[in-house]
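# Observations on the three-dimensional arrangement
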Amino acid sequence: MSEEMVVFTRCYDLLAWLVPKAETFPRAFRFNVVQRLLGAALDMQEALLDAQGERGARRATALRRADAALAKVKLYLRLAHQWRWLTTSQFEHVSRLAAEIGRLIGGWVKQTERLDQEGGAPRSG
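This section reports on the structure supplied with the text. (Residues numbered from 1 in each chain as written. Predicted model: local features only at pLDDT ≥ 70, side-chain atom pairs only at ≥ 80, totals over all residues. Heavy atoms only, no water.)

Bringing the environment of V7 into the picture now. Here V7 is to be found in helix α1 (residues 2–22). A residue is classified by how much of its surface remains accessible, and V7, at 1% relative accessible area, is buried. Sequence-wise, V7 and H81 are 74 residues apart; in three dimensions their C-alpha atoms are separated by 24 Å. Once you skip the residues sitting within four places of it in the chain, V7 turns out to touch L48, I101, L104, I105 and W108. (Helix = DSSP H or I, 4+ residues; strand = E, 2+ residues; numbered from the N terminus. Buried < 20%, exposed > 50% of the residue type's maximum accessible area, 1.4 Å probe, protein only. Contact = heavy atoms within 4.5 Å.)

Moving on to the side chain of K21. Mapped onto the fold, K21 is located in helix α1. For the buried K21, no salt bridge is present, and the opposite-charge side chain at shortest range is E23, 12 Å distant. Leaving out residues up to four positions away in the same chain, K21 has contacts with W85, L86 and Q90. (Lys, Arg positive; Asp, Glu negative; His and termini not counted. Salt bridge = Lys/Arg side-chain N within 4 Å of Asp/Glu carboxyl O.)

This part covers the packing of aromatic side chains. For the structure shown, the criterion picks out 5 aromatic pairs. For the pair W83 and W85, a centre-to-centre distance of 5.0 Å together with 50 degrees between the ring planes defines the contact as tilted. A relative accessible area of 13% places W85 in the buried class. Joined through ring pairs, the aromatic side chains of F25, F29, W83 and W85 make up one cluster. (Phe/Tyr/Trp six-rings, centres within 6.5 Å; stacked < 30°, edge-to-face > 60°.)

Before going further, it helps to examine the packing of helix α2 (residues 33–52) against helix α4 (residues 88–118). Interaxial distance between α2 and α4 falls to 13 Å at its minimum, and their mutual angle equals 25 degrees. Comparing the axis directions of α2 and α4 gives the class roughly parallel. Our pair here, α2 against α4, has a crossing hand that is left-handed. On α4, the residues that touch M44, L48, A51 and Q52 of α2 are I101, I105 and W108. Considered class by class, the residues forming the contact of α2 with α4 number 6 nonpolar, 1 polar and no charged. (Axes fitted to C-alpha atoms, helices over the stretch in contact; angles between N-to-C directions. Parallel < 35°, antiparallel > 145°, perpendicular 65-115°, else oblique. Left-handed = near helix turned anticlockwise from the far one by under 90°. Nonpolar A, V, L, I, M, F, W, Y, C, P; charged D, E, K, R; others polar.)

Every α-helix carries 3.6 residues per turn, so stepping three or four residues along brings you back to the same face. The end-to-end C-alpha distance of α4 is 45 Å, a good match for the 45 Å that 31 residues give at a rise of 1.5 Å each. G119 occupies a position one or two residues after α4 and carries a positive phi of about 70 degrees. (Expected span 1.5 Å × (residues − 1).)

What follows deals with unusual backbone geometry. It is generally the case that most residues other than glycine have a negative phi and that most peptide bonds are trans. With a phi close to 65 degrees, R84 is a non-glycine residue in the positive phi region. As for its placement among the helices and strands, R84 is situated in the loop between α3 (56–82) and α4. What makes R84 exposed here is its relative accessible area of 74%.

Attention shifts here to the environment of D116. Among the structural elements, D116 can be located in helix α4. For D116, a relative accessible area of 42% corresponds to the partly exposed category. The spacing of D116 and A62 is 54 residues in sequence and 15 Å in space, taken between C-alpha atoms. Among residues more than four places away in sequence, those in contact with D116 are G56 and A57.

Following this line, the structure appears as structure tokens:
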């Protein structure tokens, strides 16, 4: 259960860093690339929140949506770095956050699948 909470914290950290940073990207791209980047990041956060409120297959579906949104975020971040909207150190920082979020989502998916196979709720203690 604590792993779930960490993913929310890391996703919040990503958004808190990304939104103000995206405001510095070239104005000409704010209504297409930047909007898609921020939209994907927010979609990821929303899918994680959806997953938290679900169980079983519905949780797994929400987690897959979160993972797909994360893949889009990573794509747009790579483009932003290539276009020099992000410095190498900024890109490395945000890439580490995104990679950690990916690992946490993957762990949550595995836990969800294991619980589905066992046919029960998480055991306490």
